[in-house]
Amino acid sequence: MADLSLLPPSAAVAGDDIAVGGCLLTEVAERFGTPAYVIDEQALRATARLYLAALTGRHPRGRVCFAVKAFPSVAVIRLLAEEGLGCDVVGAGELRMALAAGADPAKIVMHGNAKSDEDIRLALDAGIGYIVIDGFDDIDRIERLARRPAPALLRVSPGIESQTHSALATGGKHSKFGLPVEQVPEAIARIRAVPAIELHGLHAHIGSQITDVGQFEAAIAALASLERFGVYDFGGGLAVRYVRPDQAPSIDEHVGRAVAAAHEHLGADIDILLEPGRSVVAGAGLTLYRVVTVKRAGKIHVAVDGGMGDNLEHSLYGYRFAPLVVGRWSARPVLADLVGRHCESGDVITPDVELADPRVGDLIVVPVTGAYCYTMANNYNGALRPPVVFCDRGRARLAVRRETYEDLMAREVDC
Ligand SMILES: Cc1ncc(COP(=O)(O)O)c(C=O)c1O
């Protein structure tokens with residue numbers, strides 16, 4: 001029988017099909033086409049509530065800001081805002097999406113290691129909660145552009161070499177993000193000399209897909225070695241399980257230990273912000289593909305109608321997934337590479353995976369694709385970026401339509 005344990009909790013086998021959010025995936029695939037990103041709306045809402053309860057249950061002065069980069073879609077931001085989450089945005093583009101989604105500007109935090117004048121201008125005009133100062137040039141820019149005192153946090157690189165893929169580690173000695181602990185007093189003094197900036201607190205985000213909760217605690221302890229403030233933002237970064245053997249702390253454990261470390265090192269009389277991205281959306285999402293071809297030449301390659309145009313997680317970070325062939329519950333599995341349709345050998349969704357005897361036309365479900373897949377979707381080989389479909393209590397609705405060939409040409413001046 002199919003193992004649905006990596007799919008959202010609503011997932012259930014329904015004869016030869018799988019239902020998610022009460023919607024049959026074969027019907028979703030027929031109606032919206034493939035590849036398609038599917039979001040289980042109730043699973044997303046439940047995770048948002050879990051985060052909020054885990055934080056505010058232990059620390060009432062807590063705010064959870066969804067890291068928009070993990071799924072930069074108005075529909076997702078709106079749904080999470082309805083559940084009470086704020087937003088962490090990077091730059092003017094994500095800020096525009098958050099504002100379009102109706103997010104409360106006071107609950108928005110802006111990041112960016114190289115913010116442009118345009119980014120800062122929009123943040124100032126929108127009156128967002130905090131601009132997170134990432135370095136001395138941010139201070140100069142805000143000083144030049146702000147007409148009234150802008151609330152800000154200062155990003156600290158706490159010198160923690162987090163155990164994750166090197167591309168996702170952001171808190172180490174040589175990070176391009178924030179300022180190292182040694183430069184923080186100078187930055188604080190510089191900020192204090194600028195009437196156009198109100199410095200409220202410190203921020204540290206040590207990376208993404210982090211499994212060791214102790215590393216978050218170490219970052220909090222590093223912040224405590226600096227001048228004390230009333231606001232602390234501990235970033236995001238909690239890992240998720242992509243395949244069954246993966247280990248990841250629960251949201252409750254992660255938040256519980258972060259709050260305990262904050263109370264121990266910084267006291268209880270502070271505002272705490274968290275900025276989770278991956279752990280909010282990853283598990284609520286899945287991708288639907290059709291098998292286009294199966295080649296049995298030495299290795300078995302099962303190629304689908306998507307690939308690195310809609311999922312770069314394996315190509316960039318080596319992540320693995322646990323795909324299911326819908327309906328082939330009792331077929332004998334074959335060991336195959338699940339690959340895409342793009343022109344490079346690195347176009348692999350997941351290698352060396354057991355698939356239940358897939359045939360051309362079969363529907364493949366790849367669980368845990370809710371984070372950073374939509375974000376990094378691209379037009380490699382003229383691929384059209386997939387739609388996003390929300391499934392909820394038996395109703396499937398389009399949240400983002402599929403790109404068209406007209407969209408693909410839209411910026412070409414010579415067409
Ligand atoms: C400043 C900041 N906050 C939050 C996040 C979200 O991280 P994650 O998606 O791992 O929770 C990121 C992404 O790496 C980030 O750069």
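Anyway, here's the lowdown on the structure attached to this text. (Residues numbered from 1 in each chain as written. Predicted model: local features only at pLDDT ≥ 70, side-chain atom pairs only at ≥ 80, totals over all residues.)

**Things to note about the overall build of the protein**
Here is step 1 of the chain: When helices and strands are tallied, the protein shows twelve helices and 21 strands.
Here is step 2 of the chain: In terms of overall dimensions, the protein has a C-alpha envelope of 65 × 55 × 40 Å along the principal axes.
Here is step 3 of the chain: Here the protein holds 415 residues, and 50% of them are scored as buried. (Helix = DSSP H or I, 4+ residues; strand = E, 2+ residues; numbered from the N terminus. Buried ≥ 20, exposed ≤ 12 C-beta atoms within 10 Å, placed from the backbone.)

**Section: the packing of helix H2 (residues 41-56) against helix H9 (residues 251-266)**
Here is step 1 of the chain: For the pair H2 and H9, the least separation of the axes is 9 Å and the interaxial angle reads 30°. In this view, H2 runs roughly parallel relative to H9, as classed from their interaxial angle. In this structure, H2 crosses over H9, and the sense of that crossing is right-handed. Across the interface between the two elements, Leu50, Tyr51, Ala54 and Leu55 from H2 touch Ile251, Asp252, Val255, Gly256 and Val259 from H9.
Here is step 2 of the chain: Tallied by class, the residues present in the contact of H2 with H9 amount to seven nonpolar, one polar and one charged. (Axes fitted to C-alpha atoms, helices over the stretch in contact; angles between N-to-C directions. Parallel < 35°, antiparallel > 145°, perpendicular 65-115°, else oblique. Left-handed = near helix turned anticlockwise from the far one by under 90°. Contact = placed C-beta atoms within 7 Å. Nonpolar A, V, L, I, M, F, W, Y, C, P; charged D, E, K, R; others polar.)

**Examining the nonpolar core**
Here is step 1 of the chain: Val20, Val28, Val38, Ile131, Leu154 and Val365 are the most contacted members of the largest nonpolar core, which has 131 residues in total.
Here is step 2 of the chain: No other element matches the seven residues that H9 contributes to this core.
Here is step 3 of the chain: Shared between two domains, this core holds at least three residues of each, these being domain 1 (12-40 + 283-409) and domain 2 (41-279).
Here is step 4 of the chain: Not counting residues within four places of it along the chain, the set of residues in contact with isoleucine 131 comprises Met110, Ile120, Ala123, Ile142, Ala150 and Ala152. (Core = buried A, V, L, I, M, F, W, Y, C linked by C-beta atoms within 7 Å. Domains from an automatic or database assignment.)

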